[in-house]
Every structure is written in structure tokens, then in C-alpha cells.
Amino acid sequence: MIRGAKLKNDSEKNWKINPLSKAVALALAVTSVNVQAQDDSDDGDDVVDSGKIVVTGSRIRRDELNDTVPIEVIIADDAIDRGLTTVGQLLRESTLASGSAQITSAISTAFVTNGGQGAETLSLRGLGANRTLVLLNGRRAGPAGTRGGVSSFDFNTIPLSGVERVEILKDGASSLYGSDAVAGVVNIITKEGDGAGIEFFTSQPAESGGERSRFSATWGKTFSKGNIRITADYDKQSELAQGDRDYFACGERYYFDASSNARADIIDPRTGNPHCTDLLWGHVWLYDYGGANVTGNLAQFDYDGDLGQYIDPVAPAVNPEDITMPPGFFLVTGTSPVVNADHPFQDLQSLIPESSRATVLATGSFQFSDRVEGYAEVLLNRRKTTSNSYRQFWGYIYNENFFAGNPLSAGWTGAQWLSPTPITDHSGQVTEVDYTRFVAGLSGEMGDNGWYWDVSLQHSESDGDYTNKIIFNDAITDQNWLSGSCVGSVTSVNGVPCIDIPWLDPQFLAGNISPEVRAFLFGIDKGNTEYEQTTIEASMTGDLFEMPGGYAATAFGIQYQHDGIKDTPGPQTLAGNLWGSTSAGITKGATETYAVFGELQLPLLADLPAVEELNLTLSARYTDVPDAGQDTTYKAGLAWHIGGGVTVRGSFGTSFRAPALYELFLADQTSFVGSRTIDPCVNYGTNYVPGDNIYDNCAADGFAPDYAGGAISATVQTGGGFGILESETSESQTWGVVWRPENIDLSVSLDYFDFLIEDEVTQLGAANIVGQCYNSNNFGTDPLCDQFDRDPLDNRITLVRDSFINIAEQSNKGYDFRIDYATEIPWGELAISTQHTYQKESRRGLFEDTVEEFNGTVGEPKHTANLNVRFNRNDWYVNWFTNYIGDSDNSEFNAEFTTFLGQDIRRVVRTPSVAYHSLSYGYKHTESGWSTTVGVRNLMDKEPPRLSRGGGTRVGNSAFYSQYDWLGRSYFVNLKYDF
């Protein structure tokens, strides 16, 4: 939607059904059809120029809207009734997003994701956030975030209080909007109009942790030749720590006997409950070379003085190879009932990080003449996100008398070398992002022939700092395998005086580290990411000639876009001095995009039996990205208004996505993976048989059938694909029917969607590179076999090169179904709407023979839905909203039945369907200007579904996916005063 195509601010919808409900109420109440232009109105904001408007999905000005393309419209104020404070939260409850895992601030904190910590993006249909184009008032909004992977719009940057509605185009639209519009287009429409107000919102969970508050103020004024509106918004999210909820705090294995279905967990005798198995901590890992009395690979200190009640002490040494340990240490294994794997640091880890957002949004226009209007937008946003975490770290040392020996290991003897593994809470990150966006443009009318023009400039900048708590690599690795003290030397990178690490001190192992040692081992590292985008666009639209069904119309234009990124990691990262973390270089690059586009609307027939209207829309776009290729995309749409309120519609088109800057220019990053976990030649004689490619190729490479692999991690090196990558291409088609009878406020729609993306830009992953090499029919000449190295001494994999390439394929198919109904009843007005998405297929594959079906797995349920029931009476209303997440099943990828310690067990790898209910009550005192909304979110206090260890991504025992509520029941209040 472009400027001048505005609709009335629908703030009154919260209190009464508009008398023009047939024209607008159903369309604005989150419908799946186009927004309807209002009929007559006394408000000048309702009419622009000749009354023609432009909506998402077309660039042609129209007298009225048709149903050629499926549009969903979400009213921003609906978020208040559900206890939400952000646009991102609101959109994630649409079935277009709830059927796939989304990137939230919590997910981007727990995992490494594009955009960095705290980013919130949107992936329509699960096709990827970088394949979902986000517009702000019809124009591109540049990405925001930190680190080299910035590529998508961050919904943290837009305040809910400044948004009127969001229009979502549910099919591909690269021919209209350019690159990234593969899965659809999200167009955020900001509020306009006169008046001022202040608003305060707070949400309080029934249990502490995760509280949220928002305060906003807005002012708008219409002048004789223009208007202006300013919104200021501050939002504060309090931290939800892992220990704040019981269902996250203890990660039981959650196993069941395969026959009796009784719990089959290991019971911790110290508590009498199933063992909490999170992260092993405080152990000395043993690498044994013949000790007869070594009964476990972990030495654990008896901190509570009671281990002797549950396990036997180590037997006295008889032979020189036997182990001896200082008093208080016992031998355990990873499955021992008393192994320490649930440290108090775990409870302090951030699940939802603490964050604050301050935003100023200003929009305005000025009428230079009767035919020329100028407009401008300014968006200023600052976000700060803080997270806390914990981690292990370890080194490698000799005991007192093995090999070279080390006197610092006094009391440890035998044929073993040691890897002490302490735990620390020195882990976490602070992210601060400043985002600015400016728009300036002119639009006007050419003569009296109904032609309009528009020229605009959009420029956005994201400037983000990310400060990490780190462990200095040289402080650790310089002391590996020493035979004595390091005092008197300096570290190899930082050049600071060396301090002997008290590796075997039980308090050090437990995370109680002295200030002196903390200063030696730990530090912070601050990086910065700058991303800027500039878009210049010019377009024209108008009528061409008369046809049997009306006037043919067209729109055409040109576009130029420049994107640039510079990510400068902190000095320790650049120096490769991070222990146990990825290192990276400076990611720097820029691309330019040139495009020309056109659209043609042909009203083929009208006013015939069974053909009230038959409209054909064609569009095409030529795009040239010098660094990634060029392509022509097209789209054809047909809308057949049969009569009786029935419309049949369909479209087919192609789309295009140029590689993101990080995919082109990402500087070499290094990460680590277990060498054994990616090497298919480990024990290939047991896992495969002669004749299998892997068996034969591993044998041909000189490995014994019982090859055990290497004990040390392999390095994975990742880089951009500049000069190699080409743009992705895709096809999409939608077919549907809409029924809106004339004499009843009812709308029913059913749409089929089908997306296919080819040459998808992705990384193969270390395991796929090595695995496909040894599974190749052309082993020895397969290019993948040149992408990893082995150590000449023990043949372990040491390095895997995993850069971005064009190879993957992704498809998504299914149905969208929606019903909206509104009526007057004796006690007031009733409005009911329900929306459903049934996913038929969600396939992804790196190779033709590795395409896998993810539809129905946890995080990608086949069926998602929502239901909204609203009752209005005079100045008050009651609203009930239900968000439904269908059941899911991971058994295709995570075996349900397996063995554990010799026992046949069943793992929980399926989740049941869950429905979250929100209930709210609103009242508006018209005379005073005060209004209030109170409500409850997650009314039934439902916890996330439980999964077994190995059953899917989880925290504690709970499924850790964006669809599920992590807070439990919450109470919320919204107070608003309109001047």
C-alpha cells in the first residue's frame, strides 16, 4: 500500500460494530480477502484524491478491490485483547506463521541465528525469514541486527502503538516487489489521523519471571495542506530464567519401559527423583591406559560428603597403572545415578532475555499543490538485550607421574592423563542495536486522465554492538600438556603474565573461581555490525483503454537498491583467541540491484450470466544483481466473480531471491564439531556391509573396519560464496474460492497454496560433506572429498570447509481456510472468526536423494488454527481468543523405541495438540476519554508439551519451540487516555 491509499483508523472497532460492516468489518477483522474501500464517510481521511486506492498485492490504483490475490489483514489493536505488546508476537499467532518455527528473542538467544541475539523475524510458511519481504507503508524496510548474518527485518524496530494494521500477501510476488518476496509480503501500515493519547500496558505472569510493560504516547494533527503524526514508545521485557519454571529447571531423561510404560529413568538416590541430566560439571575426565581399578571415566568430588553412601570409593592401587586420587574424589560415569549434571548456574540461564526498546515513529505529508503531495517517514529505534548463561571449559594435563608428569597434579598417579572440566557463569551477551529509517517522496496526478506517479527514497541503517563474555584461548591452551608451572612466562596472544590454573581444585571445578584466576581466564569481546540499505523507486499507474469488462489499467516503474554490510568482530575474535567459540574475520561487502517492472489489469468480461466480473492481472519484473546474476520473474492472476457473492481466484508466478550479503561476503568463521560424530568410517564394519558405498569407500581409503576415530574436535570453516553463488528461483501458485453472500455479514474462503524453491542457498554441514563423499559412486574424484582434511598421524578429521552454495530444494503445500461472521443479537453485537492452515507438505533436501518430509514434526504441525469470539454491548466488550497448535511427531527422525542401559524403552517423541485461550474485557468511558482492557492470557495455565531426551529440541523436559507458551498464565491490564 502506498501513501494516499489509507483507510480510516479503525480504533472504534473495539467498542462497536461499524454500520458499514458489510464493506469493512469482516475485511479488517483479520480476513483472508482484500481490504474493502469504505463507502460514504464524513471523515476526510477516508477518501484520497479520486477515491482510487492501492493495496498490497498490486501497484494499480483501483476504484474497488477484487479477490485476485489472497490477503490477510491483521488489526494491530487486536494484540491488546490477547495480552501482547509487539507486532512480532501478533504475527506469530497467524496460522501463516504458527505452522513453522519462528525466530524470537528467546530462540535467537539460545541458538546462533541470523540477526544475532534478541532479533525477532518472521518466516511465512516456514520458507525462511530472508524469503519473506517486509514493507513499511508499502516501501522496503531494511534489515537490523548484529553479526555477519544480518539479512531480515527485525520486528523489534516497529512499535505496536504506531501500527494500524498489517496486510499479508500470501503468495509469491517478486514480479511486483522484487527480491525476497518468495513466500509472501508483510506490509505494515502505520496509524494516521488527528488526536493525541497516552497508553500503558503491563503483563504479569502468575509466577515471577517474564513480566512485560509498555508505555506510549501519540499525537496527530491535520493542517490545511498536510498532516503529521508522532508516536513515542518504550517497551521493557523482564528476564525469564530457566529456574523460574519447574518444567524448564530439571532435564529428566523422561524414558518409559517399552512394555509396562512405567518410568525408566535413572533415579538419583540423593533426591529419590529421576536424575536431572543437564550439563555435566566439575569432573576430571580420565583418559586411561591400563588402570585395573578405573571403574569410571569421570572423577567427581564429594561436595556434600555423602557419595560414599551410594557408591564405592576407588579400589587401592596395586599396579603402577592403577589410578590414585586425592581424598574426596570418586569415580562415576555419565549414566551414574549420582553424577553431577544439574548445577545452580543452570537456573540462572536466560530463556527469555531481558530487553528494552525505545522507539520514535513520525509520518507526515504536505500538499504542495492540487496535484503534488510530498510525504516523509522517520523511524528511530534503540534496543538493548541482555542474557546470562553458563558453560563448561577444559584443558589437558598430565597427572603426577604419567608421561612427562606434572607436579601441579599432586595426588593423581597412574597411567592416565586428565582433562579437568570446570563450570562457570562467565557466559552471556549484551546486544545494543540502533536502527534508523528515513523515507521521503513525492506523488501526484498527471493531467485529467487519471494517471498517477510516485517517486520515493528509502534509507535505513542498523548499527549494532555485541559484547560477549569470553574465555581466552591462550590462557587455556598454553597450559595444555605442561610438565610444570607456567609462572614466569606470558600468554601467546594477549602477552599477559601466566598464572597456573588450579585445574584440580574442587572449588575451581565447581565454578568458585578466585578473582585473580577469573581475570586471567575471562574477559569480554565487543564487535560491531553496520548494515545500510538505500532504495529509490519511481512508478506510474493509470487507465489504458476500455474493454468489455471495464477499463484496462497498468502500473510500471523502476527501482534501484544498494545494500552494504560491515561486521567487525571483537579483537579477541579476530585474533582467534576465543576458547570453545567460533572465530571470524571482518565481513564486508555491498551489492546493487537494478529492476524494471510492470503490471497490467485486464477486465475481460462483466455483467454476463454467471460472470459478474472476470479479471486477468499480469505482472513481470526484470532484475539485475551484478554480483549474483539476473532474472525475469512473472505472475498471472485470475479472479472470476460468478455471482451470489462467489469468487474463484488463482495465480501462478515465479520469484527470485538474490543471495543475502552474509551469504556472499561472510568472512571465514570457525566452529567445532566432534570428529567422531561426522566421520562415517568410524566402526563402519559394524554399521555397514560389503557392497555399501560407505563400507567399500572407507576400506579403499585404508581404514580398518573397527576404526575408532579421533578424540579431538574437528574445525569447521565457513565462508561466503561471492563469485560462485547465483540467485534462488521459485514458483508459487494459489487457487481459491471466496463466498460473501449479500444479505449477511459472512465471509468464507478456501485457498490452496504450493511453493517450490530451487537452487536454494545453504550450507551442506560438516556431516553431509564427509558423509556424501564416502557415499559417493565416484569416490576419489567427488568434489566433496576435497572439502575436508585428515590428520596424517591418526587419520582423524581435522578441518571441514563448509561455504554457502546453491544446491538445496524446499517445497511447501497446503490449504488456508477462514470463516468470518458478524450479527446483531438482542443483547448486543456478536462477531466470530476462525482461521485454519492445513499443511500438506513441507519438504527440504540438500540433494535429490536426500529430500526429507518435515510436515507434522515438532515445530511444524500439520494443522494450526485460531478462533476469535467477540461480544460488544454499548461501551464494553468481551473477547475470547484461542490459538490452536496441532499434534506433532518426531518419530521419523528420533526413534521412539530404543534401548537404554540394556532396557527396552519408549521415548516421548510426539506432542499432543494444545489450545491456548485468552480472555479479555474492555470498557471505554467516552466522555472522559479513558478506556481500559483487562484480561488473562493462557487462561488454563498450560505448560509446554514434554519430550524425552533425544525426542526433539527441549529445555528441561519441555519442547522448546516458538509455538508454545513458556510463561504460563499471565494477567494483563491496558489503560488508555485519548485527548
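Residues numbered from 1 in each chain as written. Predicted model: local features only at pLDDT ≥ 70, side-chain atom pairs only at ≥ 80, totals over all residues. Heavy atoms only, no water.

Trainee: What exactly am I supposed to notice about the overall build of the protein chain here?
Mentor: Check the secondary structure of the protein chain and you find 17 helices and 51 strands. Its C-alpha atoms give the protein chain a radius of gyration of 31 Å, within 12% of the compact-globule value 30 Å for 979 residues. When the 979 residues of the protein chain are sorted by exposure, 58% land in the buried category. Counting only contacts in the protein chain whose residues sit at least 6 apart along the sequence, the fraction spanning at least 24 positions is 72%. Per element, the accessible surface of the protein chain, about 38,300 Å² overall, is 54% carbon and sulfur. When the 70 positive and 127 negative side-chain charges of the protein chain are each reduced to one mean point, those points stand 5 Å apart. (Helix = DSSP H or I, 4+ residues; strand = E, 2+ residues; numbered from the N terminus. Rg over C-alpha atoms; globule rule 2.2 N^0.38 Å. Buried < 20%, exposed > 50% of the residue type's maximum accessible area, 1.4 Å probe, protein only. Contact = heavy atoms within 4.5 Å. Areas by Shrake-Rupley, 256 points an atom, 1.4 Å probe, with all protein chains shown as cover. Lys, Arg positive; Asp, Glu negative; His and termini not counted. Charge placed at Lys NZ, Arg CZ, Asp CG, Glu CD.)

Trainee: Got a minute to help me understand the sheet that holds strand β3 (residues 139-140) in this structure?
Mentor: By definition, the strands of a sheet pair up through backbone hydrogen bonds, in either a parallel or an antiparallel sense. Taken in spatial order, the five strands make up an open sheet running β1-β4-β5-β2-β3, and their pairing is mixed. Every interior strand has two partners, whereas the edge strands, β1 (71-75) and β3, have only one. (Pairing = 2+ DSSP bridges.)

Trainee: Looking at this structure, how should I read the sheet that holds strand β21 (residues 416-421)?
Mentor: If you walk across this open sheet you meet the five strands as β15-β14-β13-β21-β20, and the pairing is antiparallel. Edge strands, defined here as strands with exactly one partner in the open sheet, are β15 (329-332) and β20 (397-398). Of the pairings in the sheet, the one linking strand β13 (residues 283-288) to strand β14 (residues 298-301) comprises three bridges and is antiparallel in character. Counted as the bridge partner of V284 is A299 from β14.

Trainee: Got a minute to help me understand the packing of aromatic side chains in this structure?
Mentor: In this description, an aromatic ring pair is defined by two values, namely the gap between the centres and the angle between the planes. With the rule as written, the count across this model stands at 41 aromatic pairs. Ring plane angle 70° and centroid distance 5.1 Å describe the contact between F301 and Y303, whose orientation is recorded as edge-to-face. Note on Y303: relative accessible area 25%, which makes it partly exposed. Relative to Y977, the ring of W930 has its centre 4.9 Å away and its plane inclined at 35°; by these criteria the two rings are tilted. Highlighted residues: W930 in strand β48 (residues 930-937) and Y977 in strand β51 (residues 970-978), separated in sequence by 47 residues. W930 gets classed as partly exposed once you look at its relative accessible area, which sits at 43%. Overall, the relative accessible area of 22% leaves Y977 in the partly exposed class. Among the aromatic residues, those joined into a ring-pair cluster are Y287, Y289, Y396, Y398, F402, F403, W417 and W481. (Phe/Tyr/Trp six-rings, centres within 6.5 Å; stacked < 30°, edge-to-face > 60°.)

Trainee: Any chance you could explain the state of the cysteines here in plain terms?
Mentor: Defined simply, a disulfide is a covalent bond joining two cysteines at their sulfur atoms. Within the structure shown, the criterion is met by four disulfides. With its sulfur 1.8 Å from that of its partner, C250 forms a disulfide with C276. Judged by the torsion about the S-S bond (-105°), the C250/C276 disulfide is left-handed. Within this pair, whereas C250 is found in the loop between α7 (246-249) and β10 (255-257), its partner C276 is found in the loop between β12 (273-274) and β13, the two being separated by 26 residues in sequence. What makes C276 buried here is its relative accessible area of 19%. C486 shares a disulfide with C498; S-S distance 2.0 Å. The disulfide joining C486 to C498 has a torsion of about -90° about its S-S bond and is therefore left-handed. Placement of the pair is C486 in the loop between α9 (473-477) and α10 (506-509) and C498 in the loop between α9 and α10, with a sequence separation of twelve residues. In this structure C486 comes out as buried when scored by relative accessible area, which is 7%. For C498, a relative accessible area of 9% translates into the label buried. (Disulfide = S-S within 2.5 Å.)

Trainee: Can you help me understand the pattern of salt bridges in this one?
Mentor: Close approach of charged atoms allows side chains of opposite charge to pair. Using the criterion set out here, one finds 39 salt bridges in the structure. One salt bridge connects E760 with R131, and the closest N-O pair in it is separated by 3.7 Å. Taken together, the residues span a long stretch of sequence, with E760 in strand β35 (residues 745-762) and R131 in the loop between α5 (105-110) and β2 (132-136) at a distance of 629 residues. As far as burial versus exposure is concerned, E760 and R131 are alike and both buried. In this structure, E860 engages R844 in a salt bridge whose closest nitrogen and oxygen atoms are separated by 2.9 Å. (Salt bridge = Lys/Arg side-chain N within 4 Å of Asp/Glu carboxyl O.)

Trainee: Honestly, the UniProt feature "domain: TonB-dependent receptor plug" (unreviewed entry) in the protein chain in this entry has me stumped. Any pointers?
Mentor: The positions that UniProt labels "domain: TonB-dependent receptor plug" (unreviewed entry) are, in the present scheme, residues 68-185. The straight-line gap between the two end C-alpha atoms of residues 68-185 is 15 Å; of that span, 20% is helix and 18% is strand. (UniProt positions renumbered as here; feature names shortened; annotations may be inferred.)

Trainee: Got a minute to help me understand the domain arrangement of the protein chain in this structure?
Mentor: The extent of an interface is frequently quoted as the accessible surface area lost upon association of the parts. You can read the domains of the protein chain as domain 1 (68-244 + 351-389 + 430-469 + 526-665 + 725-763 + 804-978) and domain 2 (669-719 + 772-800). Centre-to-centre, using C-alpha coordinates, domain 1 lies 41 Å away from domain 2. Each partner contributes residues to the interface: domain 1 has nine residues there, and domain 2 has eight residues. The junction of domain 1 with domain 2 conceals about 710 Å² of combined surface from both sides, 51% of it contributed by carbon and sulfur atoms. Among the residues domain 1 hides against domain 2, the three largest losses belong to T582, S583 and F847. Together they make up 43% of the total. Summed over the shared surface of domain 1 and domain 2, the number is zero salt bridges. Counting across the interface, domain 1 meets domain 2 through three residue pairs in polar contact (both at pLDDT 80 or more). In terms of residue class, the side of domain 1 that touches domain 2 is built from three nonpolar, six polar and no charged. (Domains from an automatic or database assignment. Buried area = accessible area lost by both parts, 1.4 Å probe. Polar contact = N/O pair within 3.5 Å; in protein donor to acceptor, adjacent residues only side chain to side chain. Nonpolar A, V, L, I, M, F, W, Y, C, P; charged D, E, K, R; others polar.)

Trainee: Hey, could you run me through helix α16 (residues 693-700) in this one?
Mentor: Note that an α-helix has 3.6 residues per turn; residues three or four places apart therefore point the same way. Looking at α16, one finds that the buried residues are I694, Y695, N697 and C698. Next to the buried residues of α16 lie α15 (684-687) and α17 (766-774). Positive backbone phi, approximately 95°, marks G702, located one or two places after α16.

Trainee: What exactly am I supposed to notice about the nonpolar core here?
Mentor: Buried together is how nonpolar side chains tend to be arranged in soluble globular proteins. Ranked by internal contacts, the top residues of the largest apolar core, which has 36 residues, are L91, F155, I158, V186 and I188. Mapped onto this core, the elements with two or more residues apiece are α2 (78-81), α3 (87-92), α4 (95-98), β2, β4 (163-169), β5 (184-190) and β35. Discounting chain neighbours no more than four positions away, the residues touching F155 are V87, G88, L91, E120, T121, L122, V134, V186, I188 and R357. Grouped together as the second largest cluster of nonpolar side chains are 31 residues, I397, I471, I476 and C486 included. (Core = buried A, V, L, I, M, F, W, Y, C linked by side-chain atoms within 4.5 Å.)

Trainee: How should a nonpolar patch on the surface be read in this particular structure?
Mentor: Among the surface-exposed residues, I198, F200, F215, Y921, Y923, W930, V934, V973, L975 and F979 lie close enough to one another that they form a single nonpolar patch of about 890 Å² accessible area. Within the residue set of the nonpolar patch, elements represented by two or more residues are β6 (195-205), β47 (914-925), β48 and β51. (Patch = residues over 30% accessible without salt bridge, like charges linked within 9 Å, V, L, I, M, F, W, Y side chains within 5 Å.)

Trainee: Explain a negative patch on the surface here, please?
Mentor: A contiguous patch of negative charge on the surface is contributed by E726, E731, E758, D759, E809, E848 and D849. Tracing the backbone through its elements, the reader meets E731 in strand β34 (residues 728-739).

Trainee: Which parts of the structure should I look at to understand the pairing of strand β38 (residues 805-825)?
Mentor: Remark: a regular strand shows side chains that alternate across the two faces of the sheet. Relative to β38, β35 is paired through 16 bridges, and the arrangement is antiparallel. Note on β38: the bridge partner recorded for F755 is N812. In this structure, β38 lies alongside strand β39 (residues 828-845), joined through 17 bridges in antiparallel fashion. Within β39, the residue paired with R818 across the bridge is Q835. Two successive antiparallel strands, β38 and β39, enclose a turn made up of two residues.

Trainee: Where do I start with the pairing of strand β24 (residues 451-471) in this structure?
Mentor: Relative to β24, strand β23 (residues 428-446) is paired through 18 bridges, and the arrangement is antiparallel. Within β24, the residue paired with L442 across the bridge is V455. Taken together, β23 and the strand that follows it, β24, pair antiparallel across an intervening segment of four residues, in which G447 is found at a positive phi of about 60°.

Trainee: Explain the confidence of the model for the protein chain to me, please; I cannot follow it from the model alone.
Mentor: Close inspection of predicted coordinates is inappropriate in any region flagged by low pLDDT. For the protein chain, per-residue confidence averages 90 on the pLDDT scale, and 94% of positions sit at 70 or higher. For residues 1-51, every residue scores under 50 in pLDDT, and the model assigns this stretch 146 contacts once sequence neighbours within four places are set aside. (pLDDT = per-residue confidence, 0-100.)

Trainee: Any chance you could explain unusual backbone geometry here in plain terms?
Mentor: The phi torsion of most residues other than glycine is negative, and most of the peptide bonds are trans. Positioned with a positive phi, W481 is a non-glycine residue whose angle comes to about 65°. Among the secondary structure elements, W481 is positioned in the loop between α9 and α10.

Trainee: Can you help me understand α17 in this one?
Mentor: By the criterion of burial, α17 is predominantly enclosed, with seven of the nine residues buried. Restricting attention to buried positions, one finds in α17 the residues A766, I769, V770, G771, Q772, C773 and Y774. Contacts from the buried residues of α17 go to β32 (669-673), α14 (675-678), α16, β33 (714-718), β36 (788-790) and β37 (797-801).

Trainee: How do you make sense of the side chain of D265 when you look at a structure like this?
Mentor: Secondary-structure assignment places D265 in the loop between β10 and β11 (267-268). One polar contact links the side chain of D265 to the main-chain amide nitrogen of Y254, over a distance of 2.8 Å. If we ignore the near neighbours within four places in the chain, the residues touching D265 are E252, R253, Y254, Y255 and P274.

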